[in-house]
Amino acid sequence: MNDADVSKQIQQMVRFIRQEAEEKANEISVSAEEEFNIEKLQLVEAEKKKIKQEYERKEKQVLIRRKIEYSMQLNASRIKVLQAQDDLVNSMKETASKELLHVSSDHHHYRMLLKELIVQCLLRLKEAAVLLRCRKEDLHLVHSVLHLAKEEYVVKANVHPPEIIVDEVHLPPGPTHHHSLGSSSCAGGVILASRDGKIVCENTLDARLDVAYRKKLPLIRKELVGVIAA
């Protein structure tokens, strides 16, 4: 083999190696680009997922904040409604308390009312001897109906007439410019107790109003819901 043949063969080998190298380089380039695109896509998807999660987190925080604000506003509204109900109910009770003050001004009707209140207490206590307490200004009216109250009680209970001792300690007086409504005052009525003081029947006008107030309070509140809503 002469030099020309050797040179030709070497050139062929060089071209083959170069072609192989180029093909390999192309494969590497394509593979690298594919890997780059895949990694880039993965990074983009990861970032999109991160952004989506952050958005969902913030959206959830906004929804929670809105729910809390709504709940606070709702509670505030309920408190206002309840406060308005309480104000109306208290106003009604205060008005009723003031009306009670006029009951004792009509001596004839108040005298008969005292008798009925005493009889009610006697029927509840059913004691042979009782202690009666009233306002100082009602003493003359109470003494004037004790006999009638005893007689009515005897007929209704079918017992012997009880001994009624009028206490020297009196109930507070009715409200005046010296004793305002709600302080230590009494609109009228009586309190009866057994001699040992273990059984007590409070039948003052104030106590009767409190009983009626507690008994009717649910109904009053129910009626006031419609009034306040209107």
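Engineer: When you look at the state of the cysteines in this model, what are you seeing that I'm missing?
Structural biologist: Disulfides are covalent bonds that link the sulfur atoms of two cysteine residues. This model, assessed by the stated rule, comprises 0 disulfides. Between Cys121, a cysteine without a disulfide, and Cys201, which holds the nearest cysteine sulfur, the sulfur-to-sulfur distance is 3.0 Å. Looking at the unpaired Cys186, the closest cysteine sulfur is the one in Cys134, lying at 9.3 Å.

Engineer: For this particular structure, what's the right way to read the sheet that holds strand E4 (residues 200–204)?
Structural biologist: Each strand in a sheet pairs with another by means of backbone hydrogen bonds, the pair being arranged parallel or else antiparallel. Judged by pairing direction, the sheet is mixed, and its 4 strands sit side by side in the order E2-E1-E3-E4 without closing on themselves. Each edge of the open sheet is held by one strand with a lone partner, namely strand E2 (163–166) and E4. Here the strands of the sheet are splayed against their neighbours by 20° on average, with no regard to which way each runs. As defined by bridge partners, strand E1 (residues 129–134) adjoins E2 across 4 bridges and the pair is classed as parallel. The residue bridging Ala129 from the neighbouring strand is Glu163, located in E2. With respect to the sheet, helix H2 (residues 107–125) is in contact with E1, E2, strand E3 (189–194) and E4, its orientation differing from that of E3 by roughly 20°.

Engineer: What exactly am I supposed to notice about the pairing of E2 here?
Structural biologist: Two faces make up the sheet, and in a regular strand the side chains alternate between them. Of the two faces of E2, only the one carrying Ile164 and Val166 is buried; Glu163 and Ile165 on the other face are not. For the handedness criterion, the β-α-β arrangement of E1, helix H3 (residues 139–157) and E2 is classed as right-handed.

Engineer: So what exactly am I meant to see when it comes to unusual backbone geometry here?
Structural biologist: Keep in mind that most residues, glycine aside, have a negative phi and that most peptide bonds are trans. In this structure, Lys126 takes a positive phi of about 50° despite not being glycine. Locating Lys126 in the fold gives a position in the loop between H2 and E1. On the accessibility criterion, Lys126 (59% relative accessible area) is exposed. The phi dihedral of Asn158 falls on the positive side, at around 55°, and the residue is not glycine. Relative to the elements of secondary structure, Asn158 occurs in the loop between H3 and E2.

Engineer: What is the right way to read H2 from this model?
Structural biologist: Residues spaced three or four apart along an α-helix face the same direction, because each turn holds 3.6 residues. With 19 residues, H2 ought to run about 27 Å at 1.5 Å a step, and its terminal C-alpha atoms sit 27 Å apart, in line with that. Of all the residues in H2, the buried ones are Tyr110, Leu114, Lys115, Leu117, Ile118, Val119, Cys121, Leu122 and Leu125. Of the residues flanking the end of H2, it is Lys126, one or two places downstream, whose phi is positive at about 50°.

Engineer: What's the story with the pattern of salt bridges in this structure? I'm lost.
Structural biologist: Oppositely charged side chains are able to pair whenever their charged atoms sit close together. For the structure shown, the criterion picks out 12 salt bridges. Two residues, Glu45 and Lys48, come together in a salt bridge whose shortest N-O distance is 3.6 Å. Of this pair, Glu45 and Lys48 both sit in helix H1 (residues 3–100), 3 residues apart, which is roughly one turn of the helix. When its relative accessible area of 40% is taken as the criterion, Glu45 is described as partly exposed.

About the cut-offs
- Note on numbering: residues in each chain are counted from 1, in written sequence order.
- The predicted origin of the model limits local features to residues at a pLDDT of at least 70 and limits the giving and counting of side-chain atom pairs to 80 or more, whereas totals for whole chains, interfaces and linings rest on all residues.
- The side-chain numbers reported here are obtained from all heavy atoms of the structure, hydrogens and water having been left aside.
- When two cysteine sulfur atoms lie within 2.5 Å, the pair is treated as a disulfide.
- Between any two strands, at least two bridges found by DSSP are needed for them to pair.
- Numbering goes from the N terminus for both helices and strands, where a helix is a DSSP run of H or I of at least four residues and a strand is a run of E of at least two.
- For helices, the fitted axis covers only the stretch in contact; all axes are lines through C-alpha atoms, and the angles between them, taken along N-to-C directions, range from 0 to 180 degrees.
- Residue contacts are defined here by distance: any two heavy atoms, one from each residue, within 4.5 Å place the two residues in contact.
- Three labels apply to residues, based on accessible area from a 1.4 Å probe with only protein chains included: buried if under 20% of the type maximum, exposed if over 50%, partly exposed otherwise in between.
- Think of it like this: strands point away, you trace from the first strand over the helix to the second, and a clockwise trace means the crossover is right-handed.
- The span expected for a helix works out to 1.5 Å for each residue beyond the first.
- One speaks of a salt bridge when a side-chain nitrogen belonging to Lys or Arg is within 4 Å of a carboxyl oxygen belonging to Asp or Glu.

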